[in-house]
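# Descriptive structure summary
What follows is each chain in one-letter form.
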Amino acid sequence: MKRVFQQSFGGPTVIEAISRELLHFSRMDSGKTSRRVNPETPVINLSTSYKNKHFHEVSPKGLDLRKVICLLQDPLTTNLKERHLFVLKKLLKRNQHGFLLRELADISQILNICAEKVSDHPKYASFLCEALEICRLPFLKERSSDELIYSQDATEFLSSMGRLMRVQHAEVQEHVLESVKSFLSSEAPADLAEELQPTSPVYRLQRLERSDLPKTLLLSTGALQNQPCMQLQLLLILQLLSSCSDMSCRSLLDAGGAETICLHMNAADQSGRVLSCSSEILWNLLESSGREEAVAQLSSLECVLSLKEAFSSLLELSSHGSNLQLRNFLLVIMTRVAGNPDCPLVSFLAKQLLGFITFPELSSPSAQEPFYSSEDLKMRRLLLNLLVVMSRNVAALQLLRDERVMVNLLQLVNPDAPPGGAAQQEELQLQALEALASVAPVMLCDYLSYHGNTYLLLLLDRCIDASGCRKAQTQRCIRVLRSVTALGEKAVSQDLCDQGAISQLLGIIIQMEALSDEDDVVTIETMSNIQLILSTLCETDLHRKELFGFEGVEMVICFLRKGPEKFYSGLGHNKLLVSTVDCVWSCIVGCCVTEYQFLAKEGTSLLLDLLRAGPRCLRSIIFSTLLDLCNNPNTQPQILGWRDVGGQTAPRVLLQLWREEEEELGVLRNQHGGIEDPKKPLLTRVQEDNSGLSFPANVPSAAVLETSESLRVKIYLLFCSLGFQDLPGLSAGDHVTLSIVRRYLDLKVGEVWKEISSELVLDGVKPIRSDQDALTSICKTSEDTVRSIMEEQRCILEEQKQEEIREEMLIYAEMKSHHKQKELAAEAWDRYVSRTSDYSILKAEKTQREKSMKSRLRLEEAAADHPAKQFISHILAVELSGGQGPAGVDVTLARTSV
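These figures come from a predicted structure and were not determined experimentally.

## Structural notes on the overall build of the protein chain
A count of helical and extended segments in the protein chain gives 44 helices and six strands. Burial statistics for the protein chain: of 898 residues in total, 45% are counted as buried. Contacts spanning at least 24 positions in sequence make up 73% of the contacts within the protein chain whose residues lie at least 6 apart. Total accessible area on the protein chain is roughly 46,600 Å²; 53% of this is exposed by carbon and sulfur atoms.

## Notes on the nonpolar core
In terms of nonpolar packing, the biggest core is built from 209 residues, with I110, L217, F548 and F598 touching the most fellow members. With residues near it in sequence (within four places) discarded, F548 still touches I502, L506, L534, C538, V553, M555, V556, C583, C587 and I588.

## Considering the packing of aromatic side chains
Using the criterion set out here, one finds nine aromatic pairs in the structure. One aromatic cluster is present, formed by F99, F139, F157 and F183 through successive ring pairs. Directly above the aromatic system of W658 lies the positively charged group of R712, at a separation of 6.0 Å from the ring centroid.

## A short note on the side chain of S251
Note on placement: S251 falls in helix 14 (residues 246–254). Of the residues examined, S251 reaches a relative accessible area of 9% and is grouped as buried. Contact partners of S251, with chain neighbours within four places excluded, come to S211, P214 and K215.

## Observations regarding the packing of helix 13 (residues 228–244) against helix 14
It is the contact of helix 13 with helix 14, at a shortest axis distance of 5 Å, that shows an interaxial angle of 125 degrees. Classified by the angle their axes make, helix 13 and helix 14 are oblique. When helix 13 is examined against helix 14, the residues L238, L241, S242 and C244 are found in contact with a partner set consisting of D246, S248, C249 and L252. Of the residues assigned to the contact of helix 13 with helix 14, the class counts are five nonpolar, two polar and one charged.

## Focus on the environment of M247
Relative to the elements of secondary structure, M247 occurs in helix 14. On the accessibility criterion, M247 (38% relative accessible area) is partly exposed. C-alpha of M247 to C-alpha of Q206: the two residues are 41 residues apart in sequence and 9.1 Å apart in space. When sequence neighbours within four positions are dropped, the list of residues in contact with M247 reads E209 and R210.

## Digging into helix 16 (residues 273–287)
Taking 1.5 Å per residue as the helical rise, helix 16 with its 15 residues ought to reach 21 Å, and the 21 Å between its terminal C-alpha atoms agrees with that figure. Listed as buried for helix 16 are V274, L275, C277, S278, S279, I281, L282, N284, L285 and L286. In this structure, the buried side of helix 16 is in contact with helix 13, helix 14, helix 15 (257–263), helix 17 (291–298), helix 18 (301–316) and helix 19 (321–338).

## Quick look at the confidence of the model for the protein chain
The share of residues in the protein chain with pLDDT of 70 or more is 85%, and the mean pLDDT across the chain is 83. In the model, residues 1–61 has pLDDT below 50 throughout and makes 60 contacts with residues more than four positions away in sequence or in other chains.

## Observations regarding helix 28 (residues 490–498)
For helix 28, every residue scored as buried is listed here: V492, S493, L496 and C497. The buried residues of helix 28 occupy an angular sector of 125 degrees when projected down its axis, which confines them to one face. Looking at helix 28, the residues exposed on the side facing more than 90 degrees away from the buried face are K490 and D498. Count one or two residues on from helix 28 and you reach G500, which has phi positive near 75 degrees.

## Re the pattern of salt bridges
Counted by the stated rule, this structure contains 42 salt bridges. Between R102 and E103 there is a salt bridge, with the nearest N and O atoms lying 3.8 Å from each other. Looking at E103, the relative accessible area reads 7%, which means it is buried. Between E147 and K141 there is a salt bridge; the shortest N-O distance is 3.1 Å. A residue is classified by how much of its surface remains accessible, and E147, at 18% relative accessible area, is buried. In the salt-bridge network here, residues are joined through shared partners; they are E662, R669, E706, R712, K748 and E751.

## A closer look at a nonpolar patch on the surface
On the surface, a nonpolar cluster with roughly 330 Å² of combined accessible area is contributed by L745, V749, W753 and I756. Its relative accessible area of 46% is what places L745 among the partly exposed residues.

## Considerations on the packing of helix 13 against helix 16
Relative orientation of the contacting elements helix 13 and helix 16 amounts to 25 degrees, with a least axis distance of 9 Å. On the basis of their axis angle, the class for helix 13 and helix 16 is roughly parallel. The chirality of how helix 13 crosses helix 16 is left-handed. Judged by residue contacts, L232, L235, L236, L238, Q239, S242 and S243 of helix 13 engage R273, V274, C277, S278, E280, I281 and N284 from helix 16. The class makeup of the residues in the contact of helix 13 with helix 16 is seven nonpolar, five polar and two charged.

## Things to note about the environment of M379
Along the chain, M379 turns up in helix 21 (residues 374–390). You can call M379 buried: its relative accessible area is 0%. With 52 residues separating them in the primary sequence, M379 and R327 have C-alpha atoms 8.2 Å apart.

## Quick notes on unusual backbone geometry
What you tend to see is this: most non-glycine residues have negative phi, and most peptide bonds are trans. Phi is positive for R404, close to 55 degrees, though the residue is something other than glycine. Looking at where R404 falls in the secondary structure, it is placed in the loop between helix 22 (394–402) and helix 23 (405–413). The exposure class assigned to R404 is partly exposed, which follows from its relative accessible area of 45%. Here the phi dihedral of D726 falls at roughly 55 degrees; this positive angle occurs in a residue that is not glycine. Mapping D726 onto the fold places it in the loop between helix 40 (712–722) and helix 41 (732–742).

## A closer look at the state of the cysteines
Taken as a whole and assessed by the stated rule, the structure comprises zero disulfides. Here C477 is not cross-linked by a disulfide; its sulfur's nearest cysteine counterpart is in C463, at 5.3 Å. We classify C477 as buried; its relative accessible area is 0%.

Each value, and the rule that gives it
- As a convention, each chain's residues are numbered from 1 in the sequence order in which they are written.
- Local features in a predicted model are, by the rule used here, given only for residues with pLDDT of at least 70; side-chain atom pairs are given and counted only at 80 or more, and totals for whole chains, interfaces and linings are based on all residues.
- Water and hydrogen atoms play no part in the side-chain values, which are based on all heavy atoms of the structure.
- We count a stretch as a helix when DSSP gives it H or I for four or more residues in a row; a strand needs E for two or more, and each element gets its number in order from the N terminus.
- Burial classes: relative accessible area under 20% of the type maximum marks a residue as buried, over 50% as exposed, and values in between as partly exposed (1.4 Å probe, protein chains only).
- For this analysis, residues touch if any pair of their heavy atoms sits within 4.5 Å.
- All accessible-area figures derive from a Shrake-Rupley calculation using a 1.4 Å probe, and residue coverage is judged against the displayed protein chains alone.
- Definition of nonpolar core: a set of buried residues of the types Ala, Val, Leu, Ile, Met, Phe, Trp, Tyr and Cys, connected through side-chain atoms within 4.5 Å.
- Working definition: a ring pair exists when centres of Phe, Tyr or Trp rings (six-membered ring for Trp) sit within 6.5 Å. Plane angles under 30 degrees give stacked, over 60 give edge-to-face, the rest tilted.
- As a reminder, the over-ring test applies to NZ of lysine and CZ of arginine, requiring each to be within 6 Å of the ring centre and within 35 degrees of the ring normal.
- Angles shown run from 0 to 180 degrees and are taken between the N-to-C directions of axes, each axis being a line fitted to C-alpha atoms and, for helices, limited to the stretch in contact.
- Any angle between 65 and 115 degrees counts as roughly perpendicular, while under 35 counts as roughly parallel, over 145 as roughly antiparallel, and the rest as oblique.
- Three classes are used, and their members are as follows: Ala, Val, Leu, Ile, Met, Phe, Trp, Tyr, Cys and Pro are nonpolar, Asp, Glu, Lys and Arg are charged, and the others, Gly among them, are polar.
- Each residue after the first adds 1.5 Å to the expected span of a helix.
- Values of pLDDT, the confidence the predictor places in each residue, fall between 0 and 100.
- Note: the arc covers the axis-to-C-beta directions of the helix.
- In what follows, salt bridge is the name for a side-chain nitrogen of Lys or Arg lying within 4 Å of a carboxyl oxygen of Asp or Glu.
- Surface patches are defined over residues having more than 30% relative accessible area and no salt bridge, joining like charges when they lie within 9 Å and nonpolar side chains (Val, Leu, Ile, Met, Phe, Trp, Tyr) when within 5 Å.
- By definition, turning the near helix anticlockwise from the far helix through less than a right angle yields a left-handed crossing, and turning it clockwise yields a right-handed one.
- Cysteine sulfur atoms are paired as a disulfide whenever they fall within 2.5 Å.

Structure below.
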């Protein structure tokens, strides 16, 4: 028999290895050796010296997991169940405080082997249950680096633990769920060895969310349909996982989690917690980063029917507060799903939900009472929010019309129509106005048919009175009016104007500006929307601009004087300032009455102040307003007479803005602001980048597109209104820039023709000779224009240089004169000192004066005989002699008799 074994398994080496394994596991129990002899098993005798050499007693601390795996898997030992259980108990005893990270891979393999044996040998289930008890504890690490080194092993271990749910053993499945539930929050035992440290909850969560455990638990839902208690426990764990980890939500969604949970949410449940827990899981999935996938899964026909069944069952059980809360929670979920245009919710459930808006008594018996319960009030608000979502679906619009939703919304807007307390009425009214702002633009015919403008204007009258303003209602009323007027429908605008909306809105904004705080966000938004409404109403109608009148001009001037100081405050002042300028453009410009009133209030100066000090984003609309305002002859003197805080004139500021715009566009200019490259007088960086592209005939080229986006064309047109001659306050650099502005149109035409020529080359089109001659002539003319501009700029700079030299020479002449005066004064002082200190010098000075007096007398006598002549002296020339300072300047004077 021994020979047969050797022949079958390749010699004595294999037999000896198996014998060593058997003897190893037979000596684990406190060093005692127990031998069980099977008569049918051949006895293999080993020498005493061999055993002493290769075997030693093994304690639980030194248990080799690879040998345990070999024992469980080896064909020769696979039937030794009692030995298996004995060794596995030793394994559990050694790891009673938790599994080591470095051993998780082997332990995972042992659990999988035992799970396969449970179906044939249920005794292995007890080991799995005890092992899962240990799995509740944190993993243990011997070194800090173990968390990083064995992170993948930990992830695989958790995945294997989840796969134990496939074991057809209720106790094992229950322990899996309990282990997962306790895994994240458990703490290490107090008597843990000092060399071991538990892993942190954050690390455990990271490993769990990267494993397949959530997905495996989800797939076990169907297998637990006949075990309601365990199914509820599974849902609670999925709820926990979905609430604490976004990656777990993604894992669930990858396995169709939203659809699976929704289809099982109506399972029979005496506790009533399955539906609640399922709803929580669905909400967590909808709030995760995979919300689009969750909505797509819930949009299937089966899920919609399941949601409808759950919602209908809760409507029948609406007496308890918890059921009412769950009903509203489901309604929120259905609202999120209804946002998907492919969802069949409109066909199967929307009509029933809309009926609750039309007849609120259907949703709950308490709706028939004078006051709604808090949950019923929430439901009505949620239903109104559902209208907003459904209004985005074209398929639902006809249903909204059939259910007369617009009538019910307008009835809720009317404060006297619906029942309920004042606080509840205000909440419903605000929610109805929010819904109306979204529904009215898509149901405009119904809105006009049921006199929606009248309802809103009446509500505004009640909100604004002498005692103050109901800001919330006013804000939402204005939002609705803004949403319907923004469509530009003439019928809406005419209906509002016929009811006196312009004067009413002006009164509201003036009152709000006078009574409210400047930093009130609600008030700022409301005033901005009112100005936009007025702009829409008055933009194309001269009579409405006259109705805007003096009161409107005063309102606009008031807001313009506030300036852009709070533009970046984040409170809405930026929108208010933009709407104010737009209101000037749409409600004032174009009507002589309002234009003269605006100019009389120095409105043009306020616009220029805003252009100078305001942000860049406002410049385009301000330039457009000023251009249209320049059609009034009184505008030009105001612009030319304006000065900023630094004394700069309007033309100089405009030229400065031109240079800033060109710098932003990347146009090549020299240090003086002149043309750098004669072939690119106006070319921007974007145009240069697109120079190698050919555009279709119906697409504007880069050169043409630049005129609609850049401020240069507006500055050019404004200078065309002001003129290019005798502009005040310009420097030589400004004149250099002005020479480009004056010829902007010619340069742009040449640029377009050059672009046409390059596109013909790119497309391989060769013009006929006459066309080619025309293109050549046009390009040459454009180049000549650029050269003439560059020559003009050179002359301007040369003249400036000569003027600077002349001014410098005059300053030097004045300095030389002052120096000569100082020398004469010093010489006079020296003579005075010498006279007072030396008698002989004083005597000589006296003699000199006497001679001078005699000479003067003779001259006076001669002058009496001859009439006196008057002379005028002036500077003929100034020459530099090469000396330093005033001494190096020679001045030639001439004298002319008068």
